[in-house]
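Coordinates in review
Here are the chains, one letter per residue:
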Amino acid sequence: MSATSVSVVVPLGASAAAAAVAKYLETTGLTFEILTPPGDEYGIAVRRGVSEAKGTVIVIADAELPYPVSAIGDAVAMVESGATDVVFASTRTEPIAPAFTRSLLVPLLPDRTIHLAAFSSTAAKVLHAESRLPHRGCELEIAFLANKYGFRVEYLVVHPTSPLRVRSFGKVGGIASAIAIRWANRRNAYRAARRCPVCFSSEVWSCAQIPGNVVRACRRCKCRYLNQFTDGEGTPAHRVLRAHEPPTSPSYESHSPPARERTSLRRFHWLRNQLTLRARVLEVGVRDGSFGAIATEEFEYVGIDPASAAARHARARGLEVYCASLASFVNTGPAFDAITLFHVFENMADPHDTLGRIKDLLKPGGVLFLSTFDTEGLIYLFSEQKRMAQNFRTHLILYSRSALIELLEHSGFELIDIGPDFEYRDHKFLRHWISAHHPFLGPIARALLHVLPDPLILSTGSIRIVAKRRSGPPLNVRTIRSVEPTHAR
């Protein structure tokens, strides 16, 4: 395994600092180069150094080195470990930039006094190639662009060993730079961010950082989705999202069998109101097989699930279930009268391909039953920040109600019904959830649950949609899908 190559850029030709950095890096075993680009302005010198750097990790160091030189090694380790793409050194763990400047730009801004930053090679080349400001305000510009293009940013706390003298921006200077950055962005002076996988809009932004990933938000369709794209082998691909590793046990096992069965029975009655007897039904994502066990009594039921354990468990209940994804499933019988996706659609990497495949499997006039989270719902909005990492543990895209309506209509479906989705939860799960999230409400909740039925029907902030397949081609879908992303990531 080859050693990590590091390029350290010490702007404005500080030879003493370069010598100290080189002496330290010689003790680390890293392959390194020291670049001291000259220039009349800090921003120009930094961009020149980054353009000449050849390392896999690029570090921008202070000319005066007012901190231990080992901080450079710590920054390199954070980037090389894959935990982040960009590291900003700071004297505190929280951002110390003025609140007004952060409101104009992004929440995570660099320290005004510590000018140490580390980047992966890709992040450094993209961000510094797009920056425009010639002075030290370019550090604000780099933070703004890192958020715009979806790079993960982390802070590294350093303890100064000498007085901090040079500031990148003050309260007034920072506002002037922030306004200049915003104005340049409004005039499309920067390259557009990668487009939303749902509506293909370029109005996307990083709304949260979760372990190992960044969550992006689309301002047009109000959807949330994971940022990193891969083809499964580590190379970038178009509109294929990488999720976290699946949990060791499916999430439905946290609910008791009576709760799951009553939820499935409710969904079955919801389905039976739209179909005739012995209709052919396909369930995508069979989970524990409780819905299939009920549906097979009145319908010709077929289920698919990419998880082999779930498929084996469902087949053990006597169900016709195949271990396959929606894309790989081969229908050997007639077209289906209905297809159900209960909290499965948000796990699909490409919603347009998914709906196209569903339309191929449905007969004209066939019905799609779908339930998923609603990012425009009050329950989701109130719990979004606390449950962001949990929501994206296995999910790839979380949709808004308006985005789903537009997506279905443009994919060749006609909406029949849309409304809130309710599920059953047992008392044991509710007591655990309340104790974990609101401990002070635990005694009140336990007393109240004694007089309520078990399991209890609740709203989970999800919506249910019933849509009918139209005959003929979808509306303008090829025109929408022809739009290619403008950002290389």
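Conventions and cut-offs
- Residues numbered from 1 in each chain as written.
- Predicted model: local features only at pLDDT ≥ 70, side-chain atom pairs only at ≥ 80, totals over all residues.
- Heavy atoms only, no water.
- Helix = DSSP H or I, 4+ residues; strand = E, 2+ residues; numbered from the N terminus.
- Buried < 20%, exposed > 50% of the residue type's maximum accessible area, 1.4 Å probe, protein only.
- Areas by Shrake-Rupley, 256 points an atom, 1.4 Å probe, with all protein chains shown as cover.
- Contact = heavy atoms within 4.5 Å.
- Axes fitted to C-alpha atoms, helices over the stretch in contact; angles between N-to-C directions.
- Parallel < 35°, antiparallel > 145°, perpendicular 65-115°, else oblique.
- Left-handed = near helix turned anticlockwise from the far one by under 90°.
- Nonpolar A, V, L, I, M, F, W, Y, C, P; charged D, E, K, R; others polar.
- Pairing = 2+ DSSP bridges.
- 1 Å grid on protein atoms, 1.4 Å probe; cavity = no way out; pocket = protein on both sides within 12 Å on 5 of 7 lines; lining within 4 Å.
- Points joined across faces, edges and corners; volume = space filled by probe spheres on them.
- Core = buried A, V, L, I, M, F, W, Y, C linked by side-chain atoms within 4.5 Å.
- Phe/Tyr/Trp six-rings, centres within 6.5 Å; stacked < 30°, edge-to-face > 60°.
- Lys NZ or Arg CZ within 6 Å of the ring centre and 35° of its normal.
- Salt bridge = Lys/Arg side-chain N within 4 Å of Asp/Glu carboxyl O.

Quick look at the overall build of the chain now. Secondary structure summary: the chain contains 17 helices and 17 strands in total. Counting all 489 residues of the chain, 51% fall into the buried class. Within the structure as shown, the chain displays about 22,200 Å² of accessible surface, and the carbon and sulfur contribution to it stands at 55%.

By the burial criterion, the buried members of helix H3 (residues 70-80) are Ala 71, Ile 72, Gly 73, Ala 75, Val 76 and Val 79. Each element contacted by the buried residues of H3 is listed here: strand S1 (5-9), helix H1 (15-25), strand S3 (57-60), strand S4 (86-90), strand S5 (117-120) and strand S6 (153-157). Positive phi shows up at Gly 82, right after H3, with a value of about 85°.

So, on to the packing of helix H2 (residues 42-52) against helix H5 (residues 121-130). Closest axis-to-axis distance for the H2/H5 pair is 10 Å, and the angle between their directions is 140°. Taken as axis vectors, H2 and H5 run oblique relative to one another. In this structure, H2 meets H5 at a crossing whose hand is left-handed. Of the residues in H5, those in contact with Val 46, Arg 47, Val 50 and Ser 51 of H2 are Ala 124, Lys 125 and His 128. Its residues assigned to classes, the contact of H2 with H5 comprises three nonpolar, two polar and two charged.

Looking along a regular strand, one sees the side chains alternate between the two faces of the sheet. Two elements, strand S14 (residues 362-373) and strand S17 (residues 456-469), share seven bridges in a ladder whose sense is antiparallel. In the sheet register, Phe 369 faces S17, and the bridge partner there is Val 466. The pairing of strand S16 (residues 413-425) with S17 spans 12 bridges and is antiparallel. Of the residues in S17, the one forming a bridge with Glu 423 is Leu 458.

This paragraph deals with the sheet that holds strand S9 (residues 224-226). For sheets, the rule is that strands pair by backbone hydrogen bonds, running either parallel or antiparallel. One open sheet accounts for four strands, arranged S7-S8-S9-S15; its pairing is antiparallel. The strands lining the two open edges of the sheet, one partner per strand, are strand S7 (204-210) and strand S15 (397-398). Of the pairings in the sheet, the one linking strand S8 (residues 213-218) to S9 comprises three bridges and is antiparallel in character. Pairing of Ala 217 across the sheet is with Arg 224, part of S9. Packing of helix H6 (residues 138-148) onto the sheet brings it into contact with S7 and S8, and relative to S7 it is tilted by some 90°.

What follows is about empty space enclosed by the protein. Summed over all chains, the structure comprises two cavities of 30 Å³ or more. Roughly 140 Å³ of volume is contained in the largest cavity. Contributions of two or more residues to the lining of the largest cavity are made by H2, S4, S5 and H6.

Soluble globular proteins: nonpolar side chains tend toward being buried together. Leu 127, Ile 339 and Leu 368 are the most contacted members of the largest nonpolar core, which totals 84 residues. For this core, the leading source of residues is H6, giving seven residues. By size, the runner-up hydrophobic cluster in this structure holds 24 residues, among which are Val 8, Val 21, Ala 71 and Val 76.

The next subject is the packing of aromatic side chains. One pass over the structure, following the stated rule, counts nine aromatic pairs. With a centroid separation of 5.1 Å and 75° between ring planes, the pair formed by Phe 291 and Phe 342 is classed as edge-to-face. In this pair, Phe 291 sits in helix H9 (residues 290-295) while Phe 342 sits in strand S13 (residues 336-342), placing the two residues 51 residues apart along the sequence. With a relative accessible area of 3%, Phe 291 lands in the buried category. Residue Phe 342 is classed as buried on the basis of its relative accessible area, which comes to 4%. With centroids separated by 4.9 Å and ring planes inclined at 25°, the aromatic side chains of Phe 345 and Tyr 399 adopt a geometry described as stacked. Remark: Tyr 399 occurs in the loop between S15 and helix H14 (401-410) and Phe 345 occurs in the loop between S13 and helix H11 (351-361); sequence separation between them is 54 residues. The residues Phe 345 and Tyr 399 share a single accessibility class, namely buried. A network of ring pairs unites the aromatic residues Trp 270, Phe 291, Phe 342 and Phe 369 as a single cluster. A cation over a ring is seen here: Arg 219 above Trp 205, with NZ or CZ 5.0 Å from the ring centre.

On to the pattern of salt bridges, then. Overall, the coordinates contain 12 salt bridges when judged by the stated rule. Of the charged contacts, one joins Glu 423 and Arg 267 as a salt bridge, the two residues approaching to 3.0 Å between their closest N and O atoms. Of the two residues, Glu 423 is situated in strand S16 and Arg 267 in helix H8 (residues 257-272); the sequence distance between them amounts to 156 residues. The class of Arg 267 is buried, set by a relative accessible area of 10%. Asp 374 is paired through a salt bridge with Arg 401; the nearest N and O atoms lie 3.5 Å apart. One end of the pair, Asp 374, is in the loop between S14 and helix H12 (378-383); the other, Arg 401, is in helix H14, with 27 residues separating them in the sequence.

Another point: unusual backbone geometry. Look at the link from Asp 454 to Pro 455: it is a cis peptide, with omega at 0°. Take Pro 455: it is sitting in the loop between helix H16 (442-449) and S17. Positive phi is not limited to glycine here, since Leu 65 has a value of about 45°. Looking at the element boundaries, Leu 65 is found in the loop between S3 and H3. Residue class for Leu 65 comes out buried when judged on its relative accessible area of 14%. A positive phi angle, close to 65°, is found at Phe 200, a residue other than glycine. Within the secondary structure, Phe 200 is located in the loop between helix H7 (171-186) and S7.

Functional significance is not addressed by these values, which are geometric in nature.
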